[in-house]
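Letter by letter, the chains look like this.
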Amino acid sequence: MADIFGGFKEYSVAEFFKKNRQMLGFSGKVRSLTTIVHEYVTNSLDAAGEARMHPELEVWVEEVEKNERYKVRVKDNGPGIPENILGKALGMMLAGTKFHRYVQQRGQQGIGAAGCTMYSLISTGQPISVVSRHKGKKVSCKLGIDFKKNKPVLTDVVREDCGPEEHGLDVEGVFADTKYEKGGYGVGEYLKRTAIANPHATIIFNSPEGDRFVYPKSVERLPEKAEEVKPHPLGVGANDLLDIAKAAKGYTRLSAMLQNEFTRVSLNKVKELRDLVPDVNLDMSPSRLTWDDAEKLVVGFRKVKWIAPATDSVIPIGKEQIEKSLVNILNPELVYVTSRPPKIYRGGIPFVVEVGIAYGGDINKEGKGGVVMRFANRAPLLFDAGGCAITQTAKSVEWKRYEIKKFDEEPVAILVNLASVHVPYTSAGKQSVSSEDDVVEEIKNALMEAGRHVQKHLSGKRREREKSTKKKAILRYVGQISGDLAELAGEEKSKKEIEAELQKMISERFE
Ligand SMILES: Nc1ncnc2c1ncn2[C@@H]1O[C@H](COP(=O)(O)OP(=O)(O)OP(=O)(O)O)[C@@H](O)[C@H]1O
Ligand SMILES: [Mg+2]
């Protein structure tokens, strides 16, 4: 028999993503370029958020080879990255400060930045250039990845001292198989939407055509700090439970781990679990937890009556902030924003839905109507709209009922932001939200509320229009009627007097 195992090999996670780059958003030239900017920009915003400062970031996109190769540079004023972790942060897959944490941030997997380094290497053979200023130290280097080992490779390292007032990360790379586009999927639109959802940030974009777009911050107040929360038992599956058990250190008993690593697990609840899942020994070490045990525990979790998780970990953009942003950037005739109270999906994961609707103004200047702007934790989602719960829900609303007859053609823009400690993305590309029932219901309710406001506005406008047409129609006869009446009245009243009186009457009637 032929030896079929001769070619058996192990692959590192970096090698896996090198082969499956589309999973990280590197598919199609336009999308690849936007993905690169997205990864760097979300990191900059996250870092500024954690450091409690107003983000200021500047993006440059420059064409190196026609419609093929672009240089991208993103510079921020955040805390920068210390040298000892710089390599891992930007040159190792599944490494970062956000994985395993239930905290509302844009990044959650520890792949984004290293994915860009990977893309630069596989498309041009070149590493990226990095300058990090952190606590008085400036480090400049070239950064690549050893794919086999999933390890960073740093070269040309230069260390200098800098003043503490200098801080931030400055990354630059050349990426092939990319294309800059002006339309709805391009970097320009992406950054405009980022500015809409982050009115506390200053964002500057230098386009390949040499244009400079400046979106200055429009609100002074920083968003509240997103606090880290512990997972709720109803928000995890067997796989998550095993991950948490593996990562948790210093517990001799599974029961203690459950109490400390999860929210709402009290001593009493542990007792209940013991009765519900007698096969699983809650006194064993968490490191001995098997898949089978984890599955049984998760089934047990579903039978316990839990207190819902606290929802203060979810930070919305805010009604006033969204209103200001939409007015600033779209200059519409009507804006309405609704921020729903926090809810929970899958029984244990808190989230908030915010919906803003804008009508008229500059919205369909480019001839496109019915714009749905999707955001997850303030990051714009531009791709995979078809499979996204937000788009599907927006399309399922009967806009006709709200006086928006042809949604796709009218000057209407909708903003939907889903804020959560864990956004249910459909894939690692993080461009669309999966159809969790509770999330869909919230989006739908918020959209309908927003729709009712547009309806009020539009039906008011329609009535005004009807009134003015009617008034004009009646006024047309005033001259004739006044003449006839003056004739009937003889000497008593002149045509002019009658005309003035009639006009006054009509004006009062149609006030
Ligand atoms: N501009 C930046 N300023 C400060 N730290 C940064 C910056 N960019 C990246 N980092 C650090 O590098 C880590 C890795 O970033 P990366 O984008 O690869 O993963 P992530 O943001 O954690 O998750 P995701 O894969 O979802 O983007 C981050 O967790 C953060 O600690
Ligand atoms: Mg990231």
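This is a predicted model, so every value here is computed, not measured.

**A closer look at the overall build of the protein**
Tallying secondary structure elements over the protein gives 13 helices and 14 strands in all. In terms of C-alpha radius of gyration, the protein reaches 30 Å, well past the compact-globule figure of 24 Å for 511 residues. With respect to the principal axes defined by its C-alpha atoms, the protein has extents near 115 × 65 × 60 Å. Going through the 511 residues of the protein one by one, you find that 49% of them count as buried. Put simply, of all contacts in the protein between residues at least 6 apart along the chain, 71% involve residues at least 24 apart. When the accessible surface of the protein is totalled, it reaches about 25400 Å², and 50% of it is carbon and sulfur. Each charge sign in the protein was given a centre, from 78 positive and 71 negative side chains, and these centres are 2 Å apart.

**Let's talk about the environment of Arg476**
Inspection of the secondary structure puts Arg476 in helix α12 (residues 437–489). Relative accessible area serves as the criterion here: at 64%, Arg476 is assigned to the exposed category. Remark: the alpha-carbon pair of Arg476 and Thr117, spanning 359 residues in sequence, is separated by 72 Å.

**A short note on the pattern of salt bridges**
By the definition in use, this model includes 27 salt bridges. When the shortest N-O distance is used, the salt bridge between Glu466 and Arg462 registers 3.5 Å. Linking Glu466 with Arg462, this pair stays in helix α12, spanning four residues, or about one helical turn. Judged by relative accessible area, Glu466 falls into the partly exposed class, the value being 43%. Each of Arg340, Lys343, Glu442 and Glu449 takes part in salt bridges that share partners, so that together they form one network.

**Focus on the domain arrangement of the protein**
Taken domain by domain, the protein comprises domain 1 (13–215), domain 2 (233–303) and domain 3 (309–511). For domain 2 and domain 3, the distance between their C-alpha centres works out to 48 Å. Facing four residues of domain 2, the contacting portion of domain 3 comprises six residues. Interface of domain 2 and domain 3: buried area, both sides summed, is about 340 Å²; carbon and sulfur atoms make up 54% of it. Taken as a group, Leu234, Gly235 and Arg264 account for 89% of the area that domain 2 buries against domain 3, more than any other trio of residues on that side. Our enumeration of links across domain 2 and domain 3 arrives at zero salt bridges. Summed over the shared surface of domain 2 and domain 3, the number is zero residue pairs in polar contact (both at pLDDT 80 or more).

**As for the pairing of strand β9 (residues 334–339)**
By the criterion of burial, β9 is predominantly enclosed, with five of the six residues buried. Relative to strand β11 (residues 349–359), β9 runs antiparallel, the two sharing six bridges. Residue pairing across strands places Val337 opposite Gly356, the latter belonging to β11.

**Brief notes about the side chain of Thr178**
Within the secondary structure layout, Thr178 lies in the loop between β6 (168–176) and α5 (187–197). Thr178 sits in the buried class, given a relative accessible area of 0%. Contacts of Thr178, omitting those with residues within four sequence positions, involve Lys29, Ser32, Leu33, Ile36, Asn67, Glu68, Arg69, Tyr70 and Tyr119.

**Thoughts on the packing of aromatic side chains**
For the structure shown, the criterion picks out nine aromatic pairs. Residues Tyr185 and Phe383 carry aromatic rings whose centres are separated by 5.4 Å and whose planes lie at 20° to one another, so their mutual orientation is stacked. Remark: Phe383 occurs in the loop between β13 (379–381) and α11 (389–396) and Tyr185 occurs in the loop between β6 and α5; sequence separation between them is 198 residues. Look at Phe383 and you get buried, because its relative accessible area is 9%. When the centroid spacing of 6.2 Å and the interplanar angle of 55° are considered together, the rings of Phe262 and Phe301 count as tilted. Of the two residues, Phe262 sits in the loop between α7 (254–261) and α8 (267–276) while Phe301 sits in helix α9 (residues 291–303), which places them 39 residues apart along the sequence. What makes Phe262 buried here is its relative accessible area of 2%.

**With respect to unusual backbone geometry**
Where the residue is not glycine, phi is negative for most of them; where a peptide bond is considered, it is trans in most cases. Even without being a glycine, Arg52 presents a positive backbone phi close to 55°. One can find Arg52 in the loop between α2 (29–50) and β1 (56–65). Looking at Arg52, the relative accessible area reads 36%, which means it is partly exposed. The backbone of Arg264 sits at a positive phi, close to 70°, despite the residue not being glycine. Among the structural elements, Arg264 can be located in the loop between α7 and α8.

**So, the sheet that holds strand β5 (residues 151–161)**
Two orientations exist for strands paired in a sheet by backbone hydrogen bonds: parallel and antiparallel. The strand order across the open sheet built from eight strands is β5-β4-β3-β6-β2-β1-β7-β8, with neighbouring strands paired in mixed fashion. Both edges of this open sheet fall to β5 and β8 (212–215), since each of them pairs with a single strand only. Mean inter-strand twist for the sheet, computed between neighbouring axes without regard to direction, equals 15°. Running at roughly 10° to strand β2 (residues 69–76), α2 makes contact with β1, β2, β3 (128–134) and β6 of the sheet. Contacting β2, β3, β4 (137–146) and β6, helix α4 (residues 112–124) crosses the sheet at an angle of about 35° to β6.

Quick notes on the rules
Residues numbered from 1 in each chain as written. Chains lettered and ligands numbered in written order. Predicted model: local features only at pLDDT ≥ 70, side-chain atom pairs only at ≥ 80, totals over all residues. Heavy atoms only, no water. Helix = DSSP H or I, 4+ residues; strand = E, 2+ residues; numbered from the N terminus. Rg over C-alpha atoms; globule rule 2.2 N^0.38 Å. Buried < 20%, exposed > 50% of the residue type's maximum accessible area, 1.4 Å probe, protein only. Contact = heavy atoms within 4.5 Å. Areas by Shrake-Rupley, 256 points an atom, 1.4 Å probe, with all protein chains shown as cover. Lys, Arg positive; Asp, Glu negative; His and termini not counted. Charge placed at Lys NZ, Arg CZ, Asp CG, Glu CD. Salt bridge = Lys/Arg side-chain N within 4 Å of Asp/Glu carboxyl O. Domains from an automatic or database assignment. Buried area = accessible area lost by both parts, 1.4 Å probe. Polar contact = N/O pair within 3.5 Å; in protein donor to acceptor, adjacent residues only side chain to side chain. Pairing = 2+ DSSP bridges. Phe/Tyr/Trp six-rings, centres within 6.5 Å; stacked < 30°, edge-to-face > 60°. Axes fitted to C-alpha atoms, helices over the stretch in contact; angles between N-to-C directions.

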